[in-house]
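Chain and residue survey
Now for the letters of each chain:
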Amino acid sequence: MESNSDPEKGAPTEKGTEVSSNEAPVDSSPGILAWFNRLEERMDRKLGVESEAIDRKRPEDKKPVSWFEELTMALLWASGVMNTSCFATGFLGWEFGLNLKQSILIIVFASLLGGALTGFCATFGGATGLRQISVSRYSFGWWPNKLPALLNGIQQLGWAAVSCITGGLALTAVSDGHVSLILGIVILAVVALLISFIGLNAILVYERYAWMIFFVIFMIIYGETGQYADNRSPATAEGLTLSGSLLSLLAVVYGSSASWCTMASDYYVHYPADVNRVKVFLLTTFGIALPTCIPMIAGCVVASAFQNKPEWQSAYEDQGLGYLIQDMLYPRGFAKFLLTLLVLSGINQNVISIYSSAISFQQLARPFARIPRFLWTIFSFACILALAVGGRAKLNDYLQNFLSLLGYWCTSYAIILFEEHFIFRKGKFDNYDLEGWNDPARLPIGIAAAVSFCLGIVAWCMGMDETWFIGPLAKIIGESGGDVANELTFVVTALSYPPARYLELKYFGR
C-alpha cells in the first residue's frame, strides 16, 4: 500500500488510518469509514471489487500484456463513444444551419484534434502507474490540483447524464411509451453502476467487446437512411453567421473528444512502464476519433434527410430521438430490435464515467480518499440520476452547452501537462519523483498552473458562445455568435505557463 504524507504535519499515513510516528497502522480501527474500507477489501478478495484504486501501480507489480490487450487502448473508447449521445450530437450541424458536407468536415477534423489531446494524456498511465488526476499533481501541485479533480468529477457525471437521457429516449420509443423516460434513465444508470462497481478489470473486459454491436447498428443506419441524405442543398447560414456556426460546431465536437483527456490514464495504469508511447498515442487518438465520427456523421446524414423526409423531422421534434430511430429503420420489428440494442450503448459510456468520477472525488481531500471507491461510485450514480432527470426536457440545448464547456478547461489542462512534460521535464519520466506522488512537500507548488489556468478561464469567458452567455469576442461573429473559446484558451495557456513556471522554479525550487 502506498504511504501518504499529511500536508500539514508531513507524517506518513496509510489510506483510511491515522498513524503516529511511533505506531504501526491499525487496520481494525473503529469508525464507520474504517468499517467500509474493510468491507471493500473483503469484496476485493472475494469478488474482485477494486480497492485502493488511486494508489500508484508500481512497475514490479505489473504483468506483461498481449497484443490483444493492447488493442483495448482503442476498443475501450470505441465502446464509450459509439452511442446515441454522439448520434444526437450529429444533428447540431443541421440546427446551426450547416449543410451535410460542412458538418462532416468539421466532425472529422474536431474529433481528431480532441482525440489527440486525449492520446497525449494517455501516455502517462503506463509510464507513471498513476491515474490522470494524480499525474497532473506534477504540474498543478497538491492544492491547485483539487480544481481539476472537481471539474473532472462533474464532467463525467454530466457525460453520463447525457448518455442516460439519449438511451432513455430510445427505451421509451421501443416500448411504445410504456416505459417512461425517467424509468429508462434509471435502468441505464443502474446497469452501468453494477459494472463500474466492480472496477477496472471488469470495465476493460466489457468495453473490449461492447463496441461490435453498435458498429453493426450504425452501419445499418447508414444503409437504410443514406439514400435520403441531402448533399446538395446549401447551408441556410451565410456570411459571418456561417463562420460562427462552423466555430460553434467545432467547439462541441472537439469538446466531446477532448473531454476524455482528464481521465485517459485511469485505464492505462496496468500497462508496463516501458509500453511504446507512440502506440499508446495512436491507438487512443484514433480509438476515440474514428468511432466518434461514425455515430456523429450518421446523425448528420439523418438530419440532412429531413428535407426529403419531413415525417422524420416531425418525429424528432415532437416525439424525440428514440421515435425517430424507430421510424427511419424498417421493418418495424427489426427497428425495435435495433433500438433495444442501442439502449445498451448508453451503458458503455456510463461505466467509464462513473468509474473515473469516483476516482476524481477521492482526490479532492485526504478525508475523501479514505472513503472507499464503491461509496463514491454510488454517490456518482445518485448525481447522474438527478442530472439526467432534470435535463431530460431539452436534450440538444443540454448537449450544446455542456459539451462546449467541457472542451474549454480540458484544453488548458492538456496544454499545461504538455509544456510541463516537454519543456521542464525534457520529455523524460525519469525527471518525475514518482515516489512522491502523494506527498505535497515533493510536488510543485502549483502557482504557475493556477495562474495559467485562471487566465484560461478569462479566455473562455471572452470567446464562449452558449445560450446562457455569449462572450464579447464570440458575439461579433455572426447573428448567433461563434465559439472561439478553445482557440483563445490554447493561446493564452500556452503563452502564460512557461514564464510562470520558470519563475516558480526560480523562487520555490520545485
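Residues numbered from 1 in each chain as written. Predicted model: local features only at pLDDT ≥ 70, side-chain atom pairs only at ≥ 80, totals over all residues. Heavy atoms only, no water.

**Some thoughts on the overall build of the protein chain**
Note the cut-off: Only DSSP runs of H or I with at least four residues qualify as helices, and only runs of E with at least two residues qualify as strands; both kinds are numbered from the N terminus onward. For each residue, the accessible area found with a 1.4 Å probe, counting protein chains only, is set against the maximum for its type, and the residue is called buried under 20%, exposed over 50%, and partly exposed in between. In what follows, a contact means two residues having at least one pair of non-hydrogen atoms within 4.5 Å. Using a 1.4 Å probe, accessible areas were evaluated by the Shrake-Rupley method; residue-level cover was limited to the displayed protein chains.
Regarding its fold elements, the protein chain presents 23 helices and 2 strands. Taking all 510 residues of the protein chain together, 61% fall into the buried category. In the protein chain, the proportion of contacts linking residues at least 24 apart, taken out of those at least 6 apart, comes to 83%. On the protein chain, roughly 19900 Å² of surface is accessible, and the fraction owed to carbon and sulfur atoms is 66%.

**What about the environment of lysine 63?**
Residue position: lysine 63 is located in the loop between helix H1 (32-47) and helix H2 (67-70). In sequence terms lysine 63 and proline 272 are 209 residues apart; their C-alpha atoms lie 7.0 Å from each other. Among residues more than four places away in sequence, those in contact with lysine 63 are His270 and Pro272.

**A word on helix H16 (residues 332-343)**
The cut-off we apply is this: Here, expected helix span is obtained from the residue count minus one, scaled by 1.5 Å.
When the terminal C-alpha atoms of H16 are compared, their 17 Å separation across 12 residues agrees well with the 16 Å that a helix rising 1.5 Å per residue should span. Within H16 the residues assigned to the buried category are Ala335, Lys336, Leu338, Leu339, Leu341, Leu342 and Val343. Buried residues along H16 sit in contact with helix H4 (84-89), helix H9 (146-174), helix H10 (181-198), helix H11 (200-225), helix H15 (321-328) and helix H17 (345-362).

**As for the pattern of salt bridges**
As a working rule, side chains carrying opposite charge can pair if their charged atoms are close by. To be explicit about the condition: Salt bridge, as applied in this entry: a Lys or Arg side-chain nitrogen positioned within 4 Å of an Asp or Glu carboxyl oxygen.
Within the structure shown, the criterion is met by 10 salt bridges. Measuring nitrogen to oxygen at the nearest pair gives 3.1 Å for the salt bridge that ties glutamate 311 to lysine 309. Using a relative accessible area of 43% as the deciding quantity, one classes glutamate 311 as partly exposed.

**Digging into the confidence of the model for the protein chain**
As a reminder, the rule being used: pLDDT runs from 0 to 100 and stands for how confident the predictor is about each residue.
In the predicted model, the protein chain carries a mean pLDDT of 86, and 90% of its residues have values of at least 70. Contacts for the low-pLDDT stretch residues 1-27, under 50 throughout, to residues beyond four places or in other chains number 50 contacts.

**Section: the packing of H9 against H10**
As a reminder of what qualifies: For helices, the axis comes from a line fit to the C-alpha atoms of the stretch in contact; other axes are also lines fit to C-alpha atoms, and the angle between any two N-to-C directions lies between 0 and 180 degrees. Note on terminology: angles under 35 degrees are roughly parallel, angles over 145 are roughly antiparallel, angles of 65 to 115 are roughly perpendicular, and the others are oblique. Handedness of a helix crossing follows the sense of rotation of the near helix relative to the far helix, less than a right angle counterclockwise being left-handed and clockwise being right-handed. Gly counts as polar in this scheme, as do all residues outside two lists: the nonpolar Ala, Val, Leu, Ile, Met, Phe, Trp, Tyr, Cys and Pro, and the charged Asp, Glu, Lys and Arg.
Following both chains from N to C, one finds H9 and H10 inclined at 120 degrees, their axes separated by 8 Å at the closest point. Put simply, H9 runs oblique to H10. Regarding H9 and H10, the two cross each other, and that crossing is right-handed. On H10, the residues that touch Ser163, Cys164, Ile165, Gly167, Gly168, Leu169, Leu171 and Thr172 of H9 are Leu181, Gly184, Ile185, Ile187, Leu188 and Ala189. A class-by-class count of the residues in the contact of H9 with H10 yields 9 nonpolar, 5 polar and no charged.

**Some remarks on the packing of aromatic side chains**
Aromatic rings in a pair are described by how distant their centres are and how their planes are angled relative to each other. As a reminder, the rule being used: Pairing of aromatic side chains requires ring centres within 6.5 Å, counting the rings of Phe and Tyr and the six-membered ring of Trp. Pairs whose planes differ by under 30 degrees are stacked, by over 60 edge-to-face, and all others tilted. Criterion for a charge above a ring: Lys NZ or Arg CZ within 6 Å of the ring centre, and within 35 degrees of the ring normal.
Summed over all chains, the structure comprises 34 aromatic pairs. Residues phenylalanine 91 and tyrosine 316 carry aromatic rings whose centres are separated by 4.6 Å and whose planes lie at 10 degrees to one another, so their mutual orientation is stacked. Taken together, the positions of phenylalanine 91 in the loop between H4 and helix H5 (92-95) and tyrosine 316 in helix H14 (residues 310-318) put the pair 225 residues apart, joining distant regions of the chain. Of the residues examined, phenylalanine 91 reaches a relative accessible area of 0% and is grouped as buried. Seen in terms of ring centroids, phenylalanine 140 and tyrosine 413 are 5.8 Å apart; in terms of plane orientation they differ by 20 degrees. Their pairing is stacked. You can see phenylalanine 140 sitting in helix H8 (residues 137-140) and its partner tyrosine 413 sitting in helix H20 (residues 395-424), a full 273 residues away along the chain. A single burial state applies to phenylalanine 140 and to tyrosine 413, both of which are buried. Taken together, Phe120, Phe124, Tyr138, Phe418, Phe422, Phe429 and Tyr432 form an aromatic cluster joined through their ring pairs. Across the ring face of tyrosine 228, the terminal group of lysine 309 is positioned such that the distance to the ring centre comes to 4.7 Å.

**A look at the side chain of glutamate 70**
Mapped onto the secondary structure, glutamate 70 falls in helix H2. Leave out the neighbours within four places in its chain, and glutamate 70 touches Val65, Tyr271, Val275, Lys279 and Leu283.

**Comments concerning the side chain of serine 103**
The following threshold applies: Contacts described as polar in this section are N or O atom pairs within 3.5 Å, which, within protein, must combine one atom able to donate a hydrogen with one able to accept it, while residues neighboring in sequence count only if both atoms come from side chains.
Note that serine 103 resides in helix H6 (residues 100-128). From its side chain, serine 103 meets the backbone oxygen of asparagine 99 in a polar contact 3.0 Å long.

**A short note on the environment of glutamate 224**
As for its placement among the helices and strands, glutamate 224 is situated in helix H11. Glutamate 224 sits 106 residues away from tyrosine 330 along the chain, and the two C-alpha atoms are 7.9 Å apart.

**A word on the environment of glycine 114**
Counting through the fold element by element, glycine 114 comes out in helix H6. Among residues more than four places away in sequence, those in contact with glycine 114 are Tyr254, Ser257 and Ala258.

**Focus: the packing of H11 against H16**
It is at 10 Å that the axes of H11 and H16 come closest, and there the two elements cross at 140 degrees. Relative to H16, H11 is oriented oblique. By crossing handedness, the relation of H11 to H16 is classed as left-handed. Residues Ile213, Phe214, Ile217, Phe218, Ile220, Ile221 and Glu224 of H11 touch H16, and the partners they reach there are Phe334, Leu338, Leu341 and Leu342.

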